[in-house]
Amino acid sequence: MAGVSPENLLRRPLTAQKCSLGCPLLDRCLGGGVPCNSVTELVAESGSGKTQLCLQLSLSAQLPPSRGGLSASSLFLHSEFPFPLRRLEQLCLAFCGLHSIGEFNPLDNVFVRAAHSADQLLDEMPQIESFLSEPKSRFPVRVIVIDSIAALFRSEFDNTPFDLKRRSSLFFKISGKLKSLAKRFDLAVVVTNQVVDFMGENGGMNGLRIGNLKYLYSSGRRVCPALGLAWANCVNSRLFLSRNEEVVAEENSSVNVGNGDTLRRQTRRRLYVLFAPHLPESSTEFVIRREGVFGVDR
Amino acid sequence: MEVGRLPISASHRAKLISAGYTTLSSLSSLSPSYLARELNITDSEALEILKVASLNSRLDRTDGGQAIVNGAQTAWDMLHEEQLLPRITTSCADLDNILGGGINCKEVTEIGGVPGIGKTQLGIQLAVNVQIPVDLGGMGGKAVYIDTEGSFMVERALQIAEASVLDMSEYNDLLHKENRACQMKLKPNDILESIYYFRICSYTEQMAVINYLDKFISEHKDVKLVIIDSVTFHFRQDFEDLALRTRLLGGMALKLMNLAKTYNLAVVIFNQVTTKYMDGSFQLALALGDSWSHSCTNRVILYWNGDERYAYIDKSPSLRSASAPFSVTTKGIRNSASNYKRIRMM
């Protein structure tokens, strides 16, 4: 019977295969990239670069393993509309300029599908499973992105004990399904999540510390990952992207638009590891350019 | 001296007595292999001794002497035995202290905490530490790791194993200062090979593996630790029939308890935390409800206190409530960096 004999840990690769994010500095912060056979969550407010990172990931997954990729195509499930096709094209152009990938169009290896609600996603899981077992392109599918998981749960649920219970059991169902797919096909699963503002100590358990940072700040406000404690139990690793506006002196070179003569406003972005079974606490600063998302050494 | 009367060879009798087995009851609940290791004799010889002893104790009973039911123990013997039982160190002295020396064998210990507090890290550390050889004060056992969440990372286990081997060989050199020939034989890869890893993707699989453990461990007697990380995950999906869930969990807890007793091993179960609506406000509680909370012998809760990780003994029949800081480092679980903080007994 499958499943009831132990695995010999030496028979697996001693380091889990990772999928590059498309930037060596970001990869270094994550120990090589997004791990396969694992669910990684990206938490951030809107406009922080979650989607951009996911798009970039689905491109760099196509690189051969020698260059940090998985030689794989990806499935991009989006619940936020519209799908940023223009931006993907733009990133793809930069990607093709950076890597000589040969005779194929990277866009052909990114499969996009809309997801409207959590129930619908769960119902479609068998279809997704059969899609994974019969690859439609030259590459097997090894990356699944869900952008965003929070949007799937945004509208349908009331703040009643019954609905909250139904919601959290859906979390565990979806995550259980994703993890079993991740194991069966050795997938890197990335889900994005939104944040909610911290409403003070009487806001329930939202202020509960989860992970390496005591408080999360983005755009000068204290925030908490959406979907609460129950969902936090459903992912293997959690990353946080923050953005903060900063006023800097003129001589500091900056990618953002200037504001006035002597002062510039600059958005400083950071990627933090909140928790991950294989990573220590770490963070790195990054910028978003036309060509993609890149870490900066500072 | 009861053992003195046994019709066994003089050398065996001397070995028994010098190892502290002077009464028939002290022999009554031993396994042949355990006795063989204790006395450094072959298994068949040990079996012969136990047969003779049990025959004699039965004769005693018919005489109306101090009869004992086979396998029963007096509390005095149990206390004695418990003090001799080795414990699995957590690699954090403060944590070991409040646990009474480490994770106890023959017991089920439940450890709960929020995501990212270090449950899996502690699990990996214990799976490595159970393998510390006997001559270094460890148990020299193997571990079964049941991973229901997919958070076990081989690279992390290797990192912890490497650090542990370094620490052990340092300690080994201290122990055998005059004898340079005593080299550490344990390698990080051996440690990984001695972790029997099960990856579980549904609650039915989880039940199946736990039912299978009895057979598995009877074939692998050197397993001294069973870890389930976490017991909760697949039981928090939609269970329409909550009574079924309670029954399944109860049956599982009972099986684990039996395993711990029968094979003299430690069972460590990880649990998640959830919010519970009590007295008009939300509070944190371990998942799986009230009936589950009776299932484990010990309960340890991991939590954040400021910027430090703490462990708190929530329930234990023998330990007093106490909390201690610990930290998760590259090498694994270690003492908290701020050493000035003393353990707080409550």
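Cut-off values and rules
All chains use their own residue numbering, which begins from 1 and follows the written sequence. By the order in which they are written, chains take letters starting at A while ligands take numbers starting at 1. It should be noted that, the model being predicted, local features are given only for residues of pLDDT at least 70 and side-chain atom pairs only at 80 or more, the latter also being counted only at that level, while totals for whole chains, interfaces and linings use all residues. To get the side-chain values, take all heavy atoms of the structure and skip hydrogens and water. UniProt positions are given in the numbering used here, feature names are shortened, and annotations may be inferred rather than shown by experiment. Counting from the N terminus, the helices are the DSSP runs of H or I reaching at least four residues and the strands are the DSSP runs of E reaching at least two. Our radius of gyration looks at C-alpha atoms and nothing else; its globule reference is 2.2 Å times the residue count to the power 0.38. Think of it in three bands: residues with accessible area under 20% of the maximum for their type are buried, residues over 50% are exposed, and the middle band is partly exposed, with areas taken using a 1.4 Å probe on protein chains only. For the area figures, the Shrake-Rupley method with a 1.4 Å probe applies, and any residue is considered shielded solely by the protein chains shown. In this tally Asp and Glu are treated as negative and Lys and Arg as positive; neither His nor the chain ends contributes. Lysine's charge is taken at NZ, arginine's at CZ, aspartate's at CG and glutamate's at CD. Any pair of residues with heavy atoms lying within 4.5 Å of one another is described as a contacting pair. When two parts are brought into contact, each loses some accessible area as probed by a 1.4 Å sphere; the total of that loss over both is the buried area. Put simply, a salt bridge is a Lys or Arg side-chain nitrogen that is within 4 Å of an Asp or Glu carboxyl oxygen. Three residue categories are used. Nonpolar comprises Ala, Val, Leu, Ile, Met, Phe, Trp, Tyr, Cys and Pro, charged comprises Asp, Glu, Lys and Arg, and polar comprises the others, including Gly. Strand pairing is assigned whenever DSSP detects at least two bridges linking the two strands. To get an axis, fit a line to the C-alpha atoms, keeping to the stretch in contact for a helix; angles then go from 0 to 180 degrees between the N-to-C directions. Pairing of aromatic rings covers Phe, Tyr and Trp, the last through its six-membered ring, and needs centres within 6.5 Å; plane angles under 30 degrees mean stacked, over 60 mean edge-to-face, and all others mean tilted. What sets the label is the angle itself: under 35 degrees gives roughly parallel, over 145 gives roughly antiparallel, 65 to 115 gives roughly perpendicular, and the rest give oblique. Left-handed is the label given to a crossing in which the near helix is rotated counterclockwise from the far helix by less than a right angle, and right-handed is the label when the rotation is clockwise.

- Looking at an unreviewed UniProt entry, one finds chain B named DNA repair protein RAD51 homolog 3 and attributed to Ficus carica.
- Its UniProt record gives chain B the following Sequence similarities (unreviewed entry) comment, quoted word for word: "Belongs to the RecA family. RAD51 subfamily."

- Looking at an unreviewed UniProt entry, one finds chain A named RecA family profile 1 domain-containing protein, with Ficus carica as its source organism.
- You can read under Subcellular location (unreviewed entry) in the UniProt record for chain A the words "Nucleus".

### Focus: the overall build of chain B
Next up, step 1: What chain B contains, in helices and strands, is twelve helices and 14 strands.
Next up, step 2: Here chain B has a C-alpha radius of gyration of 22 Å; the compact-globule value for 346 residues is 20 Å, and the two agree.
Next up, step 3: Each of the three principal axes of chain B carries a C-alpha extent, and together these read 70 × 55 × 40 Å.
Next up, step 4: Relative to its full complement of 346 residues, chain B shows a buried share of 50%.

### Observations regarding the overall build of chain A
Next up, step 1: Scanning chain A from terminus to terminus reveals seven helices and 14 strands.
Next up, step 2: Here chain A has a C-alpha radius of gyration of 20 Å; the compact-globule value for 298 residues is 19 Å, and the two agree.
Next up, step 3: Carbon together with sulfur atoms contributes 51% to the accessible area of chain A, which is approximately 13100 Å² in total.
Next up, step 4: Taken together, the 35 basic and 29 acidic charged side chains of chain A have centroids lying 4 Å from each other.

### Overview of the interface of chain A and chain B
Next up, step 1: Counting residues at the interface gives 43 residues for chain A, matched by 41 residues for chain B.
Next up, step 2: For the pairing of chain A and chain B, the buried interface totals around 3900 Å² over both sides, and the portion due to carbon and sulfur atoms is 63%.
Next up, step 3: Taken together, the links from chain A to chain B amount to two salt bridges.
Next up, step 4: For R209(A), the salt bridge is made with D307(B), and the minimal N-O distance between the two is 2.8 Å.
Next up, step 5: If you list the elements that add at least two residues to the side of chain A that touches chain B, you get helix 6 (161–185) and helix 7 (228–232) of chain A.
Next up, step 6: Looking at which element gives the most residues to the side of chain A that touches chain B, the answer is helix 6 of chain A, with nine residues.
Next up, step 7: In terms of residue class, the side of chain A that touches chain B is made up of 20 nonpolar, 15 polar and eight charged.

### A look at the pairing of strand 4 (residues 73–78) of chain A
Note on strand geometry: in a regular strand, side chains alternate between the two faces of the sheet.
Residues and elements named next belong to chain A.
Next up, step 1: For strand 4, the tally of buried residues reaches six of six residues, placing the bulk of the element in the interior.
Next up, step 2: Where burial is concerned, the two faces of strand 4 agree: the one with S73, L75 and L77 and the one with S74, F76 and H78 are both buried.
Next up, step 3: Summarising the sheet, strand 4 and strand 6 (residues 141–147) pair through six bridges and their orientation is parallel. Its bridge partner being in strand 6, L75 is matched across the sheet by I144.
Next up, step 4: Inspection of the sheet shows strand 4 paired to strand 5 (residues 110–114) by five bridges, in the parallel sense. Each residue of the ladder has a partner; that of H78, found in strand 5, is A114.

### Details of the sheet that holds strand 10 (residues 221–225) of chain A
All names here are of chain A.
Next up, step 1: Ordered in space as 8-10-9, the three strands form an open sheet in which the pairing is antiparallel. Where the open sheet ends on each side, the last strands, each with one partner, are strand 8 (195–197) and strand 9 (216–218). When the angles between neighbouring strand axes are averaged without regard to direction, this sheet yields 55°.
Next up, step 2: Across three bridges, the pairing between strand 9 and strand 10 is antiparallel. Considered in strand 10, the bridge of S218 is made with R221.

### Some remarks on the pattern of salt bridges
Residues and elements named next belong to chain A.
Next up, step 1: All chains considered together, the criterion is met by 19 salt bridges over all chains.
Next up, step 2: Ionic pairing is found between R113 and E124, a salt bridge with its closest N-O pair at 3.4 Å. One end of the pair, R113, is in strand 5; the other, E124, is in helix 4 (residues 118–133), and eleven residues separate them in sequence.
Next up, step 3: With its nearest N and O atoms 2.3 Å apart, the salt bridge here joins R184 to E129. Of this pair, R184 sits in helix 6 while E129 sits in helix 4; the two residues are 55 residues apart in sequence, bridging distant segments of the chain.

### Observations concerning the packing of aromatic side chains
Residues and elements named next belong to chain A.
Next up, step 1: Scanning the model with the defined rule gives 17 aromatic pairs over all chains in all.
Next up, step 2: Judged by centre distance (6.4 Å) and plane angle (70°), the ring pair of Y215 and Y217 falls under edge-to-face.
Next up, step 3: For Y217, a relative accessible area of 43% gives the class partly exposed.
Next up, step 4: One aromatic cluster in this structure is built from F153, F157, F171 and W231.

### Some thoughts on the UniProt feature "domain: RecA family profile" (unreviewed entry) in chain A
Next up, step 1: As recorded in UniProt, the feature "domain: RecA family profile" (unreviewed entry) lies at residues 15–195 of chain A.
Next up, step 2: Helix makes up 42% of residues 15–195 of chain A and strand 19%, and the two end C-alpha atoms of the span are 32 Å apart.

### Side note on the packing of helix 2 (residues 50–60) of chain A against helix 3 (residues 85–98) of chain A
Residues and elements named next belong to chain A.
Next up, step 1: In the contact formed by helix 2 and helix 3, the axes pass within 10 Å of each other and the chain directions differ by 45°. On the basis of the axis angle, helix 2 is oblique to helix 3. Judged by the sense of rotation from one axis to the other, the crossing of helix 2 with helix 3 is right-handed. Residue-level contacts link Q52, L55, Q56, L59 and S60 of helix 2 to R87, L88, L91, C92 and F95 of helix 3.
Next up, step 2: Of the residues contributing to the contact of helix 2 with helix 3, the split by class is six nonpolar, three polar and one charged.

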